[in-house]
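Inside the fold
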Amino acid sequence: MTYKEIKDKTPYEILDLLEMKEPPFNPFKIAQKLGINVVKDLDLNKIDTEGQISVDENGEPIIWINPLKNENRQRFTLAHELGHLANDILPSIENPIIDSYETLYRSNTYGGRETRANQFAARLLMPLRQIEDFISECRKTKPDLKAAEAILLISSKFEVSKQAVFHRLKNIGLIKKDYIYPF
């Protein structure tokens, strides 16, 4: 499978096609399997940028990830940029998309494209079935598993931030909408 084949594919379909079934779902490995060049070189002109997707001199996609960000942030940013590639860019990849903290983490003010890329990233890194299976396994040894404990366990297992898990669990209805972030 190449990056050209992910157009309009769901994160679940991409993971299936790449035969990735168990967490953590590493977006750097996903990009590598799709033949996408990911660069993490320090660029002082992009210090306030989280990530960027553009094309190289051969017309191939290249994703830049800010190396100064923590590993979980880099993973989410890359998954977000893969979402842009699948949903917003292909089949034409002429114009770069540059994401700052505001577009990645305040997406409700930046419209549907950023929200869709964030949702794609969350689904790619934390697929519903695997989250449900993992919670079921955890409840075998801890039947009274609390939301805060689940967030910590999922964050560790799926290699994502606690905040990303919190939002994902709220969005899929595994914790109540009025539950307050405990960390």
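Residues numbered from 1 in each chain as written. Predicted model: local features only at pLDDT ≥ 70, side-chain atom pairs only at ≥ 80, totals over all residues. Heavy atoms only, no water.

1. Section: a nonpolar patch on the surface
A cluster of nonpolar side chains, namely Leu42, Leu44, Ile47 and Leu68, defines an oily patch on the protein surface of about 410 Å² accessible area. Secondary-structure assignment places Ile47 in the loop between strand E1 (37–39) and strand E2 (49–55). The exposure class of Ile47 is partly exposed, given its relative accessible area of 34%. (Patch = residues over 30% accessible without salt bridge, like charges linked within 9 Å, V, L, I, M, F, W, Y side chains within 5 Å. Areas by Shrake-Rupley, 256 points an atom, 1.4 Å probe, with all protein chains shown as cover. Salt bridge = Lys/Arg side-chain N within 4 Å of Asp/Glu carboxyl O. Helix = DSSP H or I, 4+ residues; strand = E, 2+ residues; numbered from the N terminus. Buried < 20%, exposed > 50% of the residue type's maximum accessible area, 1.4 Å probe, protein only.)

2. Thoughts on the packing of helix H7 (residues 147–158) against helix H8 (residues 162–171)
Interaxial distance between H7 and H8 falls to 9 Å at its minimum, and their mutual angle equals 115 degrees. Of the two elements, H7 crosses H8, and the hand of that crossing is right-handed. Here Ile151, Leu152, Ile154 and Ser155 of H7 come into contact with H8, specifically with Lys162, Val165, Phe166 and Leu169. Its residues assigned to classes, the contact of H7 with H8 comprises six nonpolar, one polar and one charged. (Axes fitted to C-alpha atoms, helices over the stretch in contact; angles between N-to-C directions. Left-handed = near helix turned anticlockwise from the far one by under 90°. Contact = heavy atoms within 4.5 Å. Nonpolar A, V, L, I, M, F, W, Y, C, P; charged D, E, K, R; others polar.)

3. Notes on the environment of Leu42
Mapping Leu42 onto the fold places it in the loop between E1 and E2. Distance from Leu42 to Leu68, taken between C-alpha atoms, is 7.6 Å for residues 26 residues apart in sequence. Setting aside residues no more than four positions away along its own chain, Leu42 makes contact with Ile47, Pro67 and Leu68.

4. Some thoughts on the packing of helix H6 (residues 128–141) against H7
Remark: H6 packs on H7, axes separated minimally by 11 Å, with the N-to-C direction vectors making an angle of 120 degrees. By the angle between their directions, the pair H6 and H7 is classed as oblique. In this structure, the crossing between H6 and H7 has a hand that is right-handed. Together, Gln130, Ile131, Phe134, Ile135 and Cys138 of H6 and Leu153, Ile154, Lys157 and Phe158 of H7 make up the contact between the two elements. (Parallel < 35°, antiparallel > 145°, perpendicular 65-115°, else oblique.)

5. Observations regarding the pairing of E2
A large share of E2 lies buried, amounting to six of its seven residues. Two elements, E2 and strand E3 (residues 61–65), share five bridges in a ladder whose sense is antiparallel. Among the inter-strand pairings, Gln52 is bridged to a residue of E3, identified as Trp64. Where E2 folds back on E3, the antiparallel hairpin that results is connected by five residues, among which Gly59 adopts a positive phi of roughly 80 degrees. (Pairing = 2+ DSSP bridges.)

6. A closer look at unusual backbone geometry
Between Pro23 and Pro24 the backbone carries a cis peptide bond, its omega angle lying at 5 degrees. Within the element layout of this structure, Pro24 appears in the loop between helix H1 (11–17) and helix H2 (27–33). Here Asp8, not a glycine, exhibits a phi torsion of approximately 60 degrees, which is positive. Turning to its location among the elements, Asp8 is positioned in the segment before H1. We note that Glu159 has phi near 55 degrees; this positive angle belongs to a residue other than glycine. Residue Glu159 is classed as partly exposed on the basis of its relative accessible area, which comes to 36%.

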